[in-house]
Amino acid sequence: MTLQWAAVATFLYAEIGLILALCLPFIPPQRWQKIFMFPLWGKIATYWNKAFLTIIVLLIVLFLDAVREVKKYSISHGLEKSSSNNPSAYEHVQMKLFRAQRNLYISGFSLFLWLVLRRLVTLITQLSKELGIKGVLKIQADNNNDAAKKYMEENERLKQALEKTGKGDEQKIDSENKNLVESVEKLKAELMKTSEALSKVQNEAVTMKKQSESLSKEYDRLLNEHTQLQVGKPAVLDRRELLVMIIVKVQLSSIYSPQIQEI
């Protein structure tokens, strides 16, 4: 086996071992996801697509070369088999055909398993992500169910409490409403009384104001008459009349001035 086919066979054995490891049932996808998230894989991931395509191209070239060798030695095998003159040449061609078929199988299975390995890694990664999302959604659903149960229990408690205290509250509300109605009626009666008293006081104030105006006019008239008669009367009489008028004015002002100020 030449060096290139030995490398291809080693690559095939590595693929088989890796696929068997990925298919082990006791290793969960989350564990593989953690392995794929190592920093080393992060550095390799940037060159992963280029390396994947390069390996596919090499395997396709080797597979086509193995197909060509198989066709070539199949034709030679038929010719040597028809002519039985040189048995060593027939055995040599048969050995070459066996090697070409072996190389064909090695390259073909390497190419197929390389594609399967890529798809298997992709599916494991997607499955681990979906399982992580499923776990998060399950935790959220459990929390929501617990919260809903708590709210339902609190709602039932509130309903029971309202049923117990509903009758007493209704009686209290009725009694408070009756008291409020009675107090409103009392306030209306008091308001009517105060409005009537206010109207009486206003009427009295108006009459007193009119009386004061009439008295002041009468005083002014008397004062004018006094001034007119002052010329023909003696001084002693004038002083007496003036003193009387002053006393009357003081009495009138003392009687009516506080009531006018209140008005």
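Since we're looking at a predicted model, the values are computed, not measured.

Engineer: Report on the overall build of the protein chain, specifying residues and quantitative values.
Structural biologist: Scanning the protein chain for helices and strands turns up six helices and zero strands. In the protein chain, the succession of helices and strands from N to C terminus is α-α-α-α-α-α. Scored against the burial criterion, the 263 residues of the protein chain give a buried share of 17%. For the protein chain, restricting intrachain contacts to residue pairs at least 6 apart in sequence, the fraction spanning at least 24 positions comes to 77%. Put simply, the protein chain shows about 20700 Å² of open surface, and 64% of that area lies on carbon and sulfur atoms.

Engineer: Just give me the short version of the confidence of the model for the protein chain, but keep the residues and values in it.
Structural biologist: Of the residues in the protein chain, 76% reach a pLDDT of 70 or more, and the chain-wide mean stands at 76. The secondary-structure element of the protein chain with the lowest mean pLDDT is helix H6 (residues 235–262), recorded at 53, while helix H1 (residues 3–22) shows the highest, at 88. Across residues 233–237 the pLDDT falls below 50, and counting only partners more than four positions away or on other chains, this stretch makes two contacts in the model.

Engineer: Could you give an account of the packing of aromatic side chains, naming the residues involved and the relevant values?
Structural biologist: By convention here, two paired aromatic rings are described through the distance between centres and the angle between planes. Scanning all chains against the criterion turns up two aromatic pairs. Residues Phe11 and Trp114 carry aromatic rings whose centres are separated by 5.3 Å and whose planes lie at 50° to one another, so their mutual orientation is tilted. Taken together, the positions of Phe11 in helix H1 and Trp114 in helix H5 (residues 87–229) put the pair 103 residues apart, joining distant regions of the chain. Judged by its relative accessible area of 23%, Phe11 is partly exposed.

Engineer: A description of the side chain of Ser110 should follow, citing residues and the corresponding values.
Structural biologist: Here Ser110 lies in helix H5. By relative accessible area, Ser110 is classed as buried at 0%. In this view, Ser110 contacts Val8, Phe11, Leu12, Glu15 and Leu59; residues no more than four positions away in its chain are not counted.

Engineer: A description of the nonpolar core should follow, citing residues and the corresponding values.
Structural biologist: Core analysis: the largest hydrophobic core is formed by 24 residues, its most contacted members being Val8, Leu22 and Trp114. When residues of this core are traced back to their parent elements, those giving at least two are H1, helix H4 (48–82) and H5. Per-element accounting of this core gives the leading share, 10 residues, to H5.

Engineer: Outline the pattern of salt bridges, supporting the account with residue identities and numerical values.
Structural biologist: Counted by the stated rule, this structure contains three salt bridges. As a salt-bridge pair, Glu69 and Arg68 come within 2.8 Å of each other at their nearest N and O atoms. What makes Glu69 buried here is its relative accessible area of 17%. Of the residues examined, Arg68 reaches a relative accessible area of 43% and is grouped as partly exposed. Ionic pairing is found between Lys72 and Glu69, a salt bridge with its closest N-O pair at 3.6 Å. One end of the pair is Lys72 and the other is Glu69, both in helix H4 and three residues apart, which spans about a single turn. Here the salt bridges do not stand alone but share partners, grouping Asp65, Arg68, Glu69 and Lys72 into one network.

Engineer: I'd love a proper account of the environment of Leu62, names of residues and values included.
Structural biologist: Of note, Leu62 is situated in helix H4. With relative accessibility at 16%, the residue Leu62 sits in the buried group. For the pair Leu62 and Val8, spaced 54 residues apart in sequence, the C-alpha to C-alpha distance is 9.0 Å. Residues contacting Leu62, with those up to four places away along its chain left out, are Gln4, Trp5, Val8 and Ser107.

Engineer: Describe in detail the UniProt feature "transmembrane region" (unreviewed entry) in the protein chain, supporting the description with residues and values.
Structural biologist: Under the UniProt annotation, "transmembrane region" (unreviewed entry) lies at residues 7–27, 47–67 and 104–121. Within residues 7–27, the helical portion is 76% and the strand portion 0%, while the C-alpha atoms at the span's ends are 29 Å from each other.

Thresholds, definitions, all that
- Residues numbered from 1 in each chain as written.
- Predicted model: local features only at pLDDT ≥ 70, side-chain atom pairs only at ≥ 80, totals over all residues.
- Heavy atoms only, no water.
- Helix = DSSP H or I, 4+ residues; strand = E, 2+ residues; numbered from the N terminus.
- Buried < 20%, exposed > 50% of the residue type's maximum accessible area, 1.4 Å probe, protein only.
- Contact = heavy atoms within 4.5 Å.
- Areas by Shrake-Rupley, 256 points an atom, 1.4 Å probe, with all protein chains shown as cover.
- pLDDT = per-residue confidence, 0-100.
- Phe/Tyr/Trp six-rings, centres within 6.5 Å; stacked < 30°, edge-to-face > 60°.
- Core = buried A, V, L, I, M, F, W, Y, C linked by side-chain atoms within 4.5 Å.
- Salt bridge = Lys/Arg side-chain N within 4 Å of Asp/Glu carboxyl O.
- UniProt positions renumbered as here; feature names shortened; annotations may be inferred.

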